[in-house]
Every structure is written in C-alpha cells, then in structure tokens.
Amino acid sequence: MKNNTHEGDRHIVDDVLSNIANNYLQTKAKSYAIASQEEISDSVNEFWLHLNLGESIIGPTPTALDKTRELSLIDILNYPEEQLDGLKEAISEFYNISKDNIVLGTGSDCLIETIPRVFVNPGEISLATAPEFFRFKDAHQRAGTELLFVDRDEKDNYTFTTKVETRLIDKINKLKPKVTWISTPNNPSGQIASLEFIANVHEHVVKNGGILVVDEAYGEFNDSLNEPYTAIDLVKDKANQLIVLRTFSKGYGMAGLRVGYGVVSDDIKDGGVFKEWALPYDMNNVGAAIAPLALEDQSHMQMVRDQTAVRRKLMEDAIEENPHLNYVRGSVTNILLAKYNDGVGKDLNDTLTSLGVKVSNQNPYEGTKDRGYARITVGNDEQVKDICNILRRCK
Ligand SMILES: Cc1ncc(COP(=O)(O)O)c(C=O)c1O
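Residues numbered from 1 in each chain as written. Predicted model: local features only at pLDDT ≥ 70, side-chain atom pairs only at ≥ 80, totals over all residues.

S.K.: Go over the overall build of the protein with me, naming the residues and quoting the values.
M.R.: Tallying secondary structure elements over the protein gives 15 helices and 13 strands in all. Taking all 395 residues of the protein together, 45% fall into the buried category. When contacts within the protein are restricted to residue pairs at least 6 apart in sequence, those whose partners lie at least 24 apart make up 74%. (Helix = DSSP H or I, 4+ residues; strand = E, 2+ residues; numbered from the N terminus. Buried ≥ 20, exposed ≤ 12 C-beta atoms within 10 Å, placed from the backbone. Contact = placed C-beta atoms within 7 Å.)

S.K.: I'd like a description of the packing of helix 6 (residues 108–119) against helix 7 (residues 134–142), backed by residues and values.
M.R.: At a minimum axis distance of 8 Å, the contact between helix 6 and helix 7 shows a crossing angle of 45°. Between helix 6 and helix 7, the angle falls in the class oblique. Crossing of helix 6 over helix 7 shows right-handed handedness. Between helix 6 and helix 7, the contacting residues are Asp109, Ile112, Glu113, Ile115 and Pro116 on the first element and Arg135, Phe136, Ala139 and His140 on the second. (Axes fitted to C-alpha atoms, helices over the stretch in contact; angles between N-to-C directions. Parallel < 35°, antiparallel > 145°, perpendicular 65-115°, else oblique. Left-handed = near helix turned anticlockwise from the far one by under 90°.)

S.K.: Would you mind going over the site of the ligand in detail, with residue names and values included?
M.R.: Around the ligand, the structure places 13 residues, and the nearest of them are Gly107, Asp109, Ala217, Thr247 and Ser249. Looking at the shell around the ligand residue by residue, the classes come out as three nonpolar, eight polar and two charged. (Near = placed C-beta within 6 Å. Nonpolar A, V, L, I, M, F, W, Y, C, P; charged D, E, K, R; others polar.)

S.K.: Could you give an account of the packing of helix 8 (residues 162–175) against helix 9 (residues 195–207), naming the residues involved and the relevant values?
M.R.: Relative to each other, helix 8 and helix 9 sit at 15°, their axes nearing to 9 Å. Taken together, the axes of helix 8 and helix 9 are roughly parallel relative to one another. Here the hand of the crossing between helix 8 and helix 9 comes out right-handed. For the pair helix 8 and helix 9, contact is made by Glu165, Leu168, Ile169, Ile172 and Asn173 and by Phe197, Asn200, Val201, His204 and Val205, respectively. Looking at the contact of helix 8 with helix 9, its residues break down into six nonpolar, three polar and one charged.

S.K.: Describe in detail the sheet that holds strand 5 (residues 179–183), supporting the description with residues and values.
M.R.: Two strands in a sheet stick together by hydrogen bonds in their backbones, pointing the same way (parallel) or opposite ways (antiparallel). Across the sheet, seven strands lie side by side as 2-8-7-6-5-3-4; this open sheet has mixed pairing. Strands at the two margins of the open sheet, each flanked by one partner only, are strand 2 (102–106) and strand 4 (146–151). Each strand axis lies, on average, 25° off the axis of its neighbour in the sheet, ignoring direction. Bridge count between strand 7 (residues 242–247) and strand 8 (residues 259–264): five bridges; the pairing is antiparallel. Each residue of the ladder has a partner; that of Leu245, found in strand 8, is Gly262. Packed onto the sheet, helix 5 (residues 82–95) meets strand 2 and strand 8 and runs at close to 125° relative to strand 2. Strands strand 3 (125–130), strand 4 and strand 5 of the sheet are contacted by helix 7, whose axis makes an angle of about 150° with strand 4. (Pairing = 2+ DSSP bridges.)

S.K.: Describe in detail the sheet that holds strand 9 (residues 325–327), supporting the description with residues and values.
M.R.: One open sheet holds the four strands; their spatial order is 9-10-13-12, and the pairing between them is antiparallel. Sheet topology places strand 9 and strand 12 (360–361) at the edges, where each strand pairs with a single neighbour. The sheet contact formed by strand 12 and strand 13 (residues 374–377) spans two bridges and is antiparallel. Bridge pairing links Asn361 to Ala374 in strand 13. On top of the sheet, helix 13 (residues 298–321) reaches strand 9, strand 10 (335–340) and strand 13; it is set at about 10° to strand 10, its chief contact.

S.K.: Just give me the short version of the confidence of the model for the protein, but keep the residues and values in it.
M.R.: Residue-level pLDDT values for the protein average 87, and 86% of them are 70 or greater. Predicted confidence is poor over residues 1–22, with pLDDT under 50, and the contacts of this stretch with residues over four places away or in other chains come to zero contacts. This stretch, residues 29–44, has a pLDDT under 50; its non-local contacts, to residues over four places away or in other chains, come to 21 contacts. (pLDDT = per-residue confidence, 0-100.)

S.K.: Got a sec to walk through the environment of Val263? Specific residues and values, please.
M.R.: Tracing the chain through its elements places Val263 in strand 8. The spatial distance from the C-alpha of Val263 to the C-alpha of Leu104 is 8.9 Å, given a sequence separation of 159 residues. Beyond its immediate chain neighbours, meaning those up to four positions away, Val263 contacts Tyr95, Ile97, Asn101, Ile102, Ile232, Val235 and Val244.

S.K.: So what's going on with helix 12 (residues 285–296)? Residues and values would help.
M.R.: Of all twelve residues that make up helix 12, nine are buried, and the element is covered over most of its length. Among all positions of helix 12, only Asn285, Gly287, Ala288, Ala289, Ile290, Ala291, Pro292, Leu293 and Ala294 are buried. In the core, the buried residues of helix 12 are packed alongside helix 3 (62–70), helix 4 (73–77), helix 5 and strand 8.

S.K.: Please set out unusual backbone geometry residue by residue, giving values where relevant.
M.R.: Each neighbour pair has its own omega, and for Ala130 with Pro131 the value is 5°, a cis peptide bond. Cis geometry is found at the peptide bond from Thr184 to Pro185, where omega equals -5°. Within the secondary structure, Pro185 is located in the loop between strand 5 and helix 9. One non-glycine residue with positive phi stands out, namely Lys238, at about 75°. Inspection of the secondary structure assignment puts Lys238 in the loop between helix 10 (232–236) and strand 7. Residue classification places Lys238 among the exposed residues on the basis of 10 C-beta atoms within 10 Å. At Asp370, a residue that is not glycine, the phi angle is positive and equals roughly 55°.

S.K.: Give a detailed account of the nonpolar core, specifying residues and quantitative values.
M.R.: Ranked by internal contacts, the top residues of the largest apolar core, which has 69 residues, are Val213, Ile243, Val244, Met254 and Ala291. Counting residues per element, this core draws most heavily on helix 12, at six residues. The residue makeup of this core includes at least three contributed by each of domain 1 (31–52 + 300–393) and domain 2 (62–296). By size, the runner-up hydrophobic cluster in this structure holds 28 residues, among which are Val328, Ile335, Ala338 and Ala374. (Core = buried A, V, L, I, M, F, W, Y, C linked by C-beta atoms within 7 Å. Domains from an automatic or database assignment.)

Written out as structure tokens, the structure is:
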C-alpha cells in the first residue's frame with residue numbers, strides 16, 4: 001500500500017517534470033526563431049534562461065557542501081560568537097592583516113547599506129562614477145543623503161581612464177564628498193580601475209576629509225592578472241579613510257549564505273563607528289562556518305576564474321560576429337554589458353525578454369540610462385551555448 005502510494009507520487013512527479021521539460025524545450029525552440037521574434041514576443045511570459053544575477057554558476061567548493069553535513073545542533077542552537085571569530089581569523093590569515101581591521105556583514109550589501117548611515121549626515125553629499133552598482137545610490141537615498149555621479153565616457157568604452165580620474169578628483173576637491181564609491185571590477189561593466197587610479201583618488205579623498213569605499217565584490221573573478229590586485233594592499237600599507245568590501249557571494253558561489261566583509265583602515269578599525277551601528281550578531285553560524293572553506297580552496301576558485309574567462313570569451317566572440325550588436329570591452333568577470341549598435345533603434349533588453357531570456361536591464365541607471373544596455377551573466381556551458389546562438393542572431 002505504502003509502496004503504491006510512493007509509486008503514484010513518482011508518476012505525478014514524473015508528469016510534472018516532463019511538463020516542465022516540454023515547456024522549457026518549446027520555449028527554447030521558440031527562442032531560437034530570432035527572425036520572427038515579433039510573432040513570439042508576447043507569447044513567452046516565462047523566462048527559461050536566467051542570466052541576470054552575478055553569482056558564480058559553477059557554485060562553491062565541494063568541501064563547503066561536505067561541511068554542511070557536519071554541522072551540529074550547537075551551530076543552530078547557539079548565538080554565533082566563536083564562529084564569527086573563526087571567520088574573522090580565516091580572513092585575517094588569508095590577507096595577512098589584523099582581525100581588528102575586519103568587519104562582517106550579512107552580505108556586503110549590509111555594509112553598503114550601513115556606510116551612508118554611519119558616515120554621512122543629512123545634507124552632505126557623496127560621489128561615484130557612472131555606471132555603478134545601483135545599490136550605492138539606493139543606500140544613500142534610504143539614509144536620506146545624496147549620491148552624485150561623474151560619468152565615465154561611453155565613447156571611451158566606459159573605461160576608468162586618466163580623463164575620468166582627473167574629472168573625479170576635481171569633483172572631490174570641489175564638493176568634498178563624505179563617501180566616494182568605486183566598484184572594481186565594476187558592476188555593471190566588469191572592468192577594473194587600476195590600483196594607481198584607486199591610490200590617486202584615495203589621496204584626494206583623504207585630503208578632503210572623506211572615506212573611499214572600494215567594492216571588490218567581483219574581485220575573485222578578476223582574470224586580468226596572475227595575482228589579482230586588491231585595495232586591501234593599501235590598507236596594509238597603512239592608508240587611512242579606506243574601506244574595501246568583499247563577499248563570498250560572487251566568485252566563491254555562496255550568495256545564499258549571505259557572508260560579506262569589509263577590510264577597514266586602522267582609523268576605522270576595531271569596528272570603529274561600524275560597531276555603534278552593528279546588530280549584536282552580524283553573521284550566522286552556518287555562513288561563518290562554511291565561508292572559510294572557500295578561502296582554503298583557491299584551486300577551485302582558479303578553476304571558476306579560468307572557466308568563466310573561456311565562456312565570457314565565447315559570448316564576446318558571438319557578439320563580435322553580429323554586426324548589429326556591441327559590447328563593453330574589458331570585463332574581467334562573469335558579467336558582460338551589451339547593446340544594439342546606435343542606429344539599429346532597438347533595445348537588447350526587449351529582444352532578450354521577448355525570447356524568454358532574463359538579463360539585468362541597465363536602462364534605469366546613471367551612465368547607461370535609456371541606452372538599451374543589457375548586463376548578461378556568464379552561465380554554464382549549456383547556457384553559454386544558448387545565449388551565444390541568440391546573440392549571434394539578434395537583429
Ligand atoms: C558590486 C556589488 N557589490 C556588492 C554586492 C552585494 O553582494 P552581497 O550582498 O551578496 O555580498 C553586489 C551584488 O550584486 C554587487 O554587484
């Protein structure tokens with residue numbers, strides 16, 4: 001009797017799965033009919049290809065999954081205290097920096113949210129270049145403060161040029177922003193600002209009594225150098241008024257655990273003003289226990305970095321083959337910004353959405369406003385094959 005019920009359940013599950021698979025395939029088949037895209041545009045209302053978020057599709061080190069099976073009742077029952085210390089210790093050993101220079105956050109987003117509240121008073125302004133991660137502006141707005149932008153030039157491929165550096169420094173000297181933000185590798189462009197760019201901007205931030213936040217959320221993906229640089233080196237060289245943000249969400253493939261951290265300069269250390277604002281426990285036991293394994297398994301991270309670079313190149317090549325499309329060169333990460341050439345008169349977001357492909361629409365944001373840019377995530381082999389086929393044929 002029991003077995004029969006299970007057998008019945010299994011059939012139901014099989015039916016459901018085969019329906020899902022059929023729908024997926026039908027949608028996918030439709031999606032390849034690029035030429036007749038208008039005919040299908042309204043009929044596809046579900047996304048079959050999700051390339052809109054920045055997590056690593058490859059996932060975490062296998063040791064992380066093993067560790068979840070070893071977690072005990074204690075990890076669930078107790079408030080996190082020892083685990084938090086263990087996580088800080090692991091980060092401190094990894095970068096060879098004091099534990100006192102590390103602040104934790106439930107995702108680096110939590111620290112992004114906190115920074116305007118801690119460092120900026122109402123009426124004071126902050127600064128970033130555009131395009132930039134939308135959450136910086138969002139966090140300022142929620143804190144009742146203002147974030148202004150210095151544009152990077154689209155005609156210069158949005159690169160962090162010396163021209164942009166000069167413009168940003170001029171604005172810093174003029175406006176004396178409380179916080180200056182740079183995400184590098186940049187979200188949404190995937191490009192890096194050089195360490196020299198960061199150091200020069202930092203010098204002027206300090207002179208004007210501000211704080212520089214360097215958000216390196218995508219830092220682990222950085223395949224541009226054998227030894228990807230980090231602004232944490234500046235903190236180690238005793239720079240002040242500096243916060244470097246990192247996360248286990250992106251390259252390390254642990255977004256669900258919500259583990260982010262900041263490496264803060266000595267003048268902010270011991271938690272400093274962060275402590276006044278932090279909740280009693282700013283991390284959970286499971287995240288704190290598992291995240292250190294990502295730092296230990298750098299060969300997994302290297303594999304993720306290498307595979308991502310190969311797949312991103314396939315996507316770039318597909319766009320290069322299509323005379324109607326263009327992309328922002330220089331991404332060193334798992335995200336790529338693309339759009340139709342000016343003159344085609346179409347929005348790539350609309351085309352991809354109509355085909356059931358979910359991407360991150362950059363039309364609402366400074367720097368890419370209404371320019372039809374779609375930020376596309378580098379997926380797994382199958383997903384990359386699908387998106388390349390589509391990108392080659394968009395017109
Ligand atoms: C540039 C950048 N910084 C920070 C974050 C926040 O990541 P998390 O809160 O998962 O650590 C993101 C996530 O999209 C991001 O793109």
